Amino acid sequence: MQLCPVEKDAKLRGSKVSYAGGFTRPNHFSGFVPQASSNPGQNNTPIFSVDDSKVSVLLSPQSWSHFHHVWLRDHCRCANCFHPVTKQRLVNTFQILRGIKPIHHHASTEGLEIVWPSTSTERHSSFYPWSWLREHAYDPLPQLEHRANERVLWGSKIARSPPTITYEEVMEKGDAGLYKWLSTIDRFGFCFVSGVTPTTEATERLCERIGFIRETQYGKFWEFTADLAKGDTAYTNMALGAHTDTTYFTDPCGIQIFHLLSHTDGSGGTTLLVDGFYVASLLKELHPEHYDILSCVPIPSHASGEPTARYRPSPPSGYPTLQHDIITGELTQVRWNNDDRSVMSHLSLEIVEKWYDAVRAWHRLLVSPDSEYWVQLVPGTVLSINNHRVLHGRSKFDGKRRVCGAYIGMDEYRSKLAVLREKFDPCLQALGDQAAHGRQNVRNPIL
């Protein structure tokens, strides 16, 4: 079987890919090793070397990082090349001279200054902090670092101490509690919020702490019960197996909020949670060939229960169950809802039985008692889920069960988390406080 493009690219680039399950791929060192030359009088200054095409810096012991001159000039962050307020590029990439080379360079403990030739009468000076170069090294690709908020994989034993925060913390001024909530979701894939008034108003206010609510065919902020008011099995009292929502969207919803407002005259409806990243790590270890299949074969999906809606992703062939960062190979999304799956008419003759074998193995791990976390929701406790990682379901129920909630886009969630991380993460705070040579710092890692 051929490798997926993501697998091919990771191997060709020679990156060391780290997975949450502890698996790695070997690192391949590429590029030349320059003649090392010390920088006079600067004991804390990295060793560096300049040739006709690139700058090479010893940013860590026994590991040279290489930066092409054209790349460095294109990534100048001075106020003339990068707007300090809008954080948008101003440099004209297409006017950078082919074969450009520094006419002067100077290293200090803070970073590397380079003077470039220019088409105008004035020369252009750029400054690159060592921390910024280390953050953006591309040859060789850096190993994935283990941050303090590294993802925690979990199974059924998470029931002993599920991640929880109080409504009061999330809503307080200063946003420290909001950061704690969102970073907990990032780490575990879900988080309970306790002490919420069991009303739609209080729940909606909680949702809006993250960002604007994403409207879908089910409405903006929704409330549902088993009345089939919408053409979806969520609006019944049927049991629902572990799944992620909106697989029929090109961009599935990111964060999902559930709040059980009441359950009267009946029982059941226990909520099921499964860590898709945990199950994926097991599948990769036990059945790597099945993992590859689920990483490559797209699954078409649809939502056609409403007479005015016919949703399919673009392209209609859909997306694989397991999706990865194309550069690092890191698992980034689980996308699985067998109930919403369309006809698998795009499979080649030799892949049909392999795909069914793969989804059977995936299903066995999903429904394993080791993977399933069952919890009975109660009014006053909100469940927040990363829909790109954690699958959810429920047991059958009777009686009248009222649930409200909303979807929030993954981009809105990630944006809010990034802003709060800059504010509260000590490492990013230090980066934000740096101001070398009096230059305004525009060196956020995401820019």
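Structure shown above.
So, here is what we can say about the structure in this document. Only a predicted model underlies this, so the values are computations on that prediction, with no experimental measurement involved. (Residues numbered from 1 in each chain as written. Predicted model: local features only at pLDDT ≥ 70, side-chain atom pairs only at ≥ 80, totals over all residues. Heavy atoms only, no water.)

So, on to the layout of surface pockets. The volume enclosed by the second largest pocket comes to roughly 890 Å³. Every residue lining the second largest pocket is counted, 49 residues in all, and those nearest its centre are Thr-233, Leu-240, His-243, Asp-245 and Asn-337. Residue assignment for the lining of the second largest pocket shows that the elements contributing at least two residues are β9 (222-224), β10 (240-243), β11 (255-264), β12 (271-275), α9 (352-366), β19 (390-394) and β20 (400-408). When grouped by side-chain class, the residues that make up the lining of the second largest pocket number 23 nonpolar, 16 polar and 10 charged. (1 Å grid on protein atoms, 1.4 Å probe; cavity = no way out; pocket = protein on both sides within 12 Å on 5 of 7 lines; lining within 4 Å. Points joined across faces, edges and corners; volume = space filled by probe spheres on them. Helix = DSSP H or I, 4+ residues; strand = E, 2+ residues; numbered from the N terminus. Nonpolar A, V, L, I, M, F, W, Y, C, P; charged D, E, K, R; others polar.)

A separate point is the environment of His-104. With respect to the helices, strands and loops of the structure, His-104 is situated in strand β4 (residues 104-107). A sequence separation of 10 residues divides His-104 from Ile-114, and the C-alpha atoms of the two residues are 5.9 Å apart.

Below, the discussion takes up the sheet that holds strand β2 (residues 54-60). Taken in spatial order, the 3 strands of this open sheet run β1-β2-β3, and their pairing is antiparallel. Two strands close off the open sheet at either side, each with one partner strand: β1 (48-50) and β3 (63-68). Direction aside, the axes of adjacent strands within the sheet are offset by 20 degrees on average. Looking at chain direction, β2 and β3 are connected through 6 bridges and run antiparallel. The partner of Val-57 across the bridge, within β3, is Ser-65. (Pairing = 2+ DSSP bridges. Axes fitted to C-alpha atoms, helices over the stretch in contact; angles between N-to-C directions.)

Another point: the pairing of β2. The buried fraction of β2 is high, at 5 of 7 residues. Here β1 runs beside β2; their pairing, made up of 3 bridges, is antiparallel. Bridging across to β2, Phe-48 finds its partner in Val-57. Between the end of β1 and the start of β2, which pair antiparallel, lie 3 residues. The loop that links β2 with its antiparallel partner β3 comprises 2 residues; one of these, Gln-62, has a positive phi angle of about 65 degrees. (Buried < 20%, exposed > 50% of the residue type's maximum accessible area, 1.4 Å probe, protein only.)

Glancing now at the sheet that holds strand β17 (residues 373-375). The strand order across the open sheet formed by 4 strands is β10-β19-β12-β17, and the pairing between neighbours is antiparallel. The strands lining the two open edges of the sheet, one partner per strand, are β10 and β17. The average undirected angle you get between the axes of adjacent strands in this sheet is 20 degrees. Pairing geometry for β12 and β17, over 3 bridges, is antiparallel. Bridging across to β17, Thr-271 finds its partner in Val-375.

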